[in-house]
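The residues making up each chain are set out below.
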Amino acid sequence: MHNLVPSRSLARRSRTLLTIALVVGALGAFFAAIGFVLFAIPLVQEGDTLYALVRGTLVVFGLLLFVVALALAVRAVTWRTDNDLAVQVGGVLTGALDARYSFIRNISTRELGYIDAILVGPPGVLTFRILDLKGTLANEGADWLIQNKRGEWRPLGSSPTREVVADIDKLRAYLSARNLGDVPVYGVIVFTSEPPTTQLMGKAPVVPPTHLGSLLMNLQDNYLAKDRIDARRITDTVRTLYQR
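Here the structure is a predicted model, which is why all the values come from computation and not from measurement. (Residues numbered from 1 in each chain as written. Predicted model: local features only at pLDDT ≥ 70, side-chain atom pairs only at ≥ 80, totals over all residues. Heavy atoms only, no water.)

Caption draft 1: Broad picture of the sheet that holds strand 7 (residues 153-155). Taken together, four strands build an open sheet; the order of strands is 7-6-5-9 and the sheet is mixed. The sheet terminates laterally at strand 7 and strand 9 (198-203), the two strands that pair on one side only. The sheet shows a mean angle of 25° between the axes of neighbouring strands, taken without regard to direction. Looking at chain direction, strand 6 (residues 143-147) and strand 7 are connected through three bridges and run antiparallel. By the bridge assignment, Leu145 is partnered in strand 7 with Pro155. (Pairing = 2+ DSSP bridges. Helix = DSSP H or I, 4+ residues; strand = E, 2+ residues; numbered from the N terminus. Axes fitted to C-alpha atoms, helices over the stretch in contact; angles between N-to-C directions.)

Shown next as C-alpha cells:
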C-alpha cells in the first residue's frame with residue numbers, strides 16, 4: 001500500500017496564508033498609524049465632526065485589520081501538515097493491503113474542506129473519520145451518546161456520522177466534476193483507543209464505527225467485499241485527490 005501525505009501542498013498553503021497575514025497586518029498598521037497621527041496633529045479646528053469620524057474610523061479599521069492578520073498568522077503556523085491518528089491507521093493498513101491501494105491522509109482543500117484520510121483501491125474510495133475518544137459510546141443511526149461517570153447518557157458534542165456523510169457527499173461531487181462519478185465512495189469511523197478504554201455500542205449505524213484493531217475485519221463485509229473499479233480509475237482517482 002502507498003502511504004501518502006500532501007505535506008508540501010499543505011506547507012505551501014501555510015506559507016501563502018502567512019504572507020496574506022503579513023500584508024493585512026501591514027495595511028492595518030498603516031491605517032491605524034494615519035489615524036493616530038491625525039489625533040496627535042489636528043489638521044482642522046477641534047470639534048469638526050467629520051474629521052473626528054474619519055480619524056476614529058481609520059484607527060478602528062486599522063486595529064480590526066491587525067486582529068484579522070493575527071488570526072491568519074496563528075492559523076498559518078498551526079496548520080497541520082500531518083495527522084498523528086491517521087499515521088496510526090496507515091501503519092495498520094500498510095501491512096495488510098497490497099500496492100493497488102493508496103492511503104492519503106490529512107487532506108485539506110477549498111472544495112473538500114478537511115478530511116482525516118482517504119483510502120483508494122479496487123473497491124473504490126473509503127473516507128475516514130479518526131477519533132481518539134475514551135469512554136463508553138452508543139451509536140444509533142447518525143446519533144451518538146456518551147456515558148458520563150455517573151452512568152448517565154448524554155449527546156456527544158458532534159456526530160462523527162454526519163461529518164463522514166458530509167465528506168462522502170463532497171467527495172462524490174468532487175469526483176463527478178472530474179469525470180470520476182462512477183467511483184463509489186464509502187465511509188468509516190475509526191476509534192484508535194481499544195477496549196476497555198473505549199467501548200462501542202451500535203444499532204443500525206449509517207456509517208460503520210470500529211476500533212482500529214478490528215478495522216480490517218469490519219471492512220470485509222462492506223468496503224472490501226469486492227473490487228469495483230479498474231487500475232486506470234484507481235490511478236486517476238489518486239492523482240485527483242493527492243495534490244503534492
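Moving on from the model shown.
Caption draft 2: A look at the nonpolar core. The biggest cluster of nonpolar side chains holds 29 residues, and the ones touching the most others in it are Ile118, Val125, Leu171 and Leu241. Counting only elements with at least two residues in this core, the list comes to strand 2 (102-109), strand 3 (113-121), strand 4 (124-131), strand 6, helix 4 (160-176), strand 8 (185-191) and helix 6 (231-241). It is helix 4 that contributes the most residues to this core, five residues altogether. Discounting chain neighbours no more than four positions away, the residues touching Val125 are Ile118, Leu119, Val120, Leu171, Leu175, Val183, Pro184, Val185, Tyr186, Tyr223 and Thr237. Among the nonpolar cores identified, the runner-up in size contains 19 residues, and Ala117, Phe128, Ile130 and Leu219 belong to it. (Core = buried A, V, L, I, M, F, W, Y, C linked by side-chain atoms within 4.5 Å. Buried < 20%, exposed > 50% of the residue type's maximum accessible area, 1.4 Å probe, protein only. Contact = heavy atoms within 4.5 Å.)

Caption draft 3: Main features of a nonpolar patch on the surface. Side chains of Leu50, Leu53 and Val54 sit close together on the surface and give an oily, nonpolar patch of about 300 Å² of accessible area. By the element assignment, Val54 lies in helix 2 (residues 49-77). Note on Val54: relative accessible area 40%, which makes it partly exposed. (Patch = residues over 30% accessible without salt bridge, like charges linked within 9 Å, V, L, I, M, F, W, Y side chains within 5 Å. Areas by Shrake-Rupley, 256 points an atom, 1.4 Å probe, with all protein chains shown as cover. Salt bridge = Lys/Arg side-chain N within 4 Å of Asp/Glu carboxyl O.)

Purely geometric stuff here, so don't read any function into it on its own.
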